Amino acid sequence: MPVPPDVLAEIEDLRRNLEHHNYRYYVLSAPEIPDAEFDRLFLRLQWLESEHPEAASPDSPTQRVGGSAVEAFPPAPHAVPMLSLNNAFTDADVEAFDRRVRETTGAETVEYAVEPKFDGLAISLTYRAGVLVRGATRGDGATGEDVTGNLRTVRSIPLGRDGPRLPDVLEVRGEVLMTKREFDRLNAEQRTRNDKLFVNPRNAAAGALRQLDPRITASRKLSFYAYGIGQVEGGAAPSERHSGLMDWLQELRFPVSDERRVVSGMEGLLGYYRAIGERRASLPFEIDGVVYKVDELRKQEMLGYVSRAPRFAIAHKYPPEEELTEVLDIEVQVGRTGALTPVARLKPVFVGGVTVTNATLHNEDEIRRKDIRVGDRVIVRRAGDVIPEVVRVVPSDGTRGEEFHLPHRCPICGSDAVREEGEAVRRCVAGLFCPAQRKQALLHFAQRRALDIEGLGERLVDQLVDRDMVRTPADLYRLGAADLAGLDRMGERSAANIVAGIGKSRNTTLARFVYALGIRNVGEATARDLARHFGDLPPLRSATTDELMRVPDVGPIVAQSIADFFAQPHNAEVIDALKDEVRWPIQPPVTASGAPLAGVTFVLTGTLPNLTRDEAKQKIEALGGKVAGSVSAKTRYVVAGSDAGSKLEKAQALGIEILDEAGLLELLEPCVSAEHKAKEKE
Ligand code: IVH
């Protein structure tokens, strides 16, 4: 039965509309309509399509969520071969590249279009008459696999109904990848299902792309960034500059990297390499380098190709974040809370830009799950400033060492090490009687964000505790330069400096002091809240769990930890001794109503355009607001940036007000001036 023209028109309209809102949401991160409205349009389209099956179309937005499964992926020949890039590992390699470009083109300085090298999979998207008709993997460069159904599930890939007119045939190339956040989410899900974990986002993306059932691909949310074009027919693409081509792709609604730039000469290239390198760990996706392309297309042509790579482009790689090495030994460290942490001693290996010799193995379960043993060949990973970790064992034929078990006695003090029911860690029960815990407690007490005692480092604390010169933080204040002078590597001058550092720490704040005590479950933020709420130490020390729970964000577990801590006679003794040594200004207690945002809880999610998460948090907390980690009925506002995930969904489900960055600043602005005025009055 033919579809009535008015119904067909509505269907077409809905499809265009949905693609438009999809683009606003997934590419621009700037939705124009609430999700509920999107859902309404979507359901309407689904219903019309089911009533009129003749109008169905594989490229309808309703088909993104999952077309039907396939038996195998058909071969997908590439009209224009998909090449690879040559690599540069050192500045000298880049210099040689730039020199050759200058020599061949006769230019004095060359302009380069530069962008991150996404660590994903190269794909090709073909649009005919403005509609996505084929999505293919790179394969061997000449022929890939047709994975159209899977690529349609990638929300930022335009299906091509809405937006500017495309050439009759347009092939867009780029990289499909999985964000770090989605990778973590997926692996957490795999873990709860006891399924195999993915090694890295790239592997996870590759796995998702090669699913025969697109519904599985759809559930593992992939991202896409365009970086070039292939075939173009019946229409023109910009022909002057690569950067112009990228701007054009952006106008055609393809996602392109916000990090792309045009730079000039060697200095520009290396400056970009360093700038992106510094931000590598905080980018939402993994990169393994940056790509430099001669910007002028005329010059690109002059340079041409060598075998399977262009001469006009090069990938400048960063040191890998994962490397192969060997476990020499597994040792056990005892932390501040008595937790026994297994640590792998590794054959030194250069990874993530530094030489790594140790990696944390987290806890017993983690070792068991990864089955790590002495002598194993393993992959270690160090990304950004994160502590290096062993990702997995590389199987080999030889016989293996024995399974590792954590000792049931503390390796430092010999006391029992107990693993409580439901806990992942085994702990030494000796508390501050265990020298290892005492050392860690002292280091914690002295750290920058606590009492900030300059010069009191690990080596000094080891000696002070091993020689029984210091048992508790209070003992530090009784040390004189003469006591220190006899220690290893301690000149008169450094001894005097340390005594001065200790002296300086006598003036502190209550928040720092509370944090410095090292109460279980009390971090910096909670310490600040407690200090604000109670104003001075005596009321905090004597507070009941009920009273403690009146402090914003302090729940029963934290309250119990605090009460337990102060109830310990040993702790009371140390605090009494410290009271005579350190002082802080006493503030009037601030209860719920004082600050402009007191009692208002925010949740932050996604990446904000200008503020870092810490900055946003500071702004909120400065006005007495709270920032919580998860959305609950107590949440008043959710501040959402790009790539916001399940928290945003939950907020929407609960009908919680959602702000973008501008909205947050607007909300804070009058509060800031109110607080300012109040201060002026004081
Ligand atoms: S341009 C002639 N730009 O790197 C090839 N490639 O080693 C032109 N890649 O297969 C590629 N990010 O999968 C280009 N910004 C970027 C890229 C990029 C990642 C990948 C791509 C390619 C491989 C080459």
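Before any of the text, the structure's been laid out above.
Here we summarise the structure given alongside this text.

Calculation criteria
Residues numbered from 1 in each chain as written. Predicted model: local features only at pLDDT ≥ 70, side-chain atom pairs only at ≥ 80, totals over all residues. Heavy atoms only, no water. Phe/Tyr/Trp six-rings, centres within 6.5 Å; stacked < 30°, edge-to-face > 60°. Buried < 20%, exposed > 50% of the residue type's maximum accessible area, 1.4 Å probe, protein only. Salt bridge = Lys/Arg side-chain N within 4 Å of Asp/Glu carboxyl O. Helix = DSSP H or I, 4+ residues; strand = E, 2+ residues; numbered from the N terminus. Expected span 1.5 Å × (residues − 1). Arc of directions from axis to C-beta. Contact = heavy atoms within 4.5 Å. Near = heavy atom within 4 Å. Polar contact = N/O pair within 3.5 Å; in protein donor to acceptor, adjacent residues only side chain to side chain. Areas by Shrake-Rupley, 256 points an atom, 1.4 Å probe, with all protein chains shown as cover. 1 Å grid on protein atoms, 1.4 Å probe; cavity = no way out; pocket = protein on both sides within 12 Å on 5 of 7 lines; lining within 4 Å. Sits in = over half its atoms within 2 Å of the grid points. Nonpolar A, V, L, I, M, F, W, Y, C, P; charged D, E, K, R; others polar.

### Quick look at the packing of aromatic side chains
Summed over all chains, the structure comprises 12 aromatic pairs. Between Tyr305 and Phe312 the ring centres are 5.6 Å apart and the planes differ by 80 degrees, which places this aromatic pair in the edge-to-face class. On the basis of relative accessibility, which here comes to 49%, the residue Tyr305 falls in the partly exposed class. Residue Phe312 is classed as buried on the basis of its relative accessible area of 10%.

### As for the pattern of salt bridges
Within the structure shown, the criterion is met by 57 salt bridges. Close ionic contact of Asp162 with Arg253 constitutes a salt bridge, the shortest N to O distance being 2.4 Å. One end of the pair, Asp162, is in the loop between helix H4 (148-152) and strand S7 (169-177); the other, Arg253, is in the loop between helix H8 (242-251) and strand S9 (261-264), with 91 residues separating them in the sequence. For Arg253, a relative accessible area of 18% translates into the label buried. What emerges from the salt-bridge pattern is a single network uniting Glu182, Arg185, Glu189, Arg193 and Asp195.

### What about helix H2 (residues 35-51)?
With 17 residues, H2 ought to run about 24 Å at 1.5 Å a step, and its terminal C-alpha atoms sit 24 Å apart, in line with that. Residues of H2 that are buried include every one of Phe38, Leu41, Phe42, Leu45, Leu48 and Glu49, and no others. Projected down its long axis, H2 carries its buried residues within an arc of 125 degrees, all on one side. Exposed and oriented more than 90 degrees from the buried face of H2 are Ala36 and Leu43. Contact partners of the buried residues in H2: helix H1 (5-26).

### Points about the site of the ligand
Taken together, 13 residues lie around the ligand, and Glu115, Pro116, Phe118, Glu175 and Tyr227 are the ones closest in. Within the backbone of Pro116, an N or O atom sits 3.0 Å from a nitrogen atom of the ligand. Tyr227 is positioned with one of its side-chain polar atoms (N or O) 3.2 Å from an oxygen atom of the ligand. The protein chains hide 85% of the 520 Å² of surface that the ligand would expose on its own. When atom positions are compared with the pocket grids, the ligand is found to occupy the second largest pocket. Every element with two or more residues in the shell around the ligand is listed here: strand S3 (111-118) and strand S10 (287-294). Among the elements that line the shell around the ligand, the one with the most residues is S3, at four residues. Looking at side-chain class alone, the shell around the ligand contains eight nonpolar, one polar and four charged residues.

Just geometry here; none of it tells us what the structure is for.
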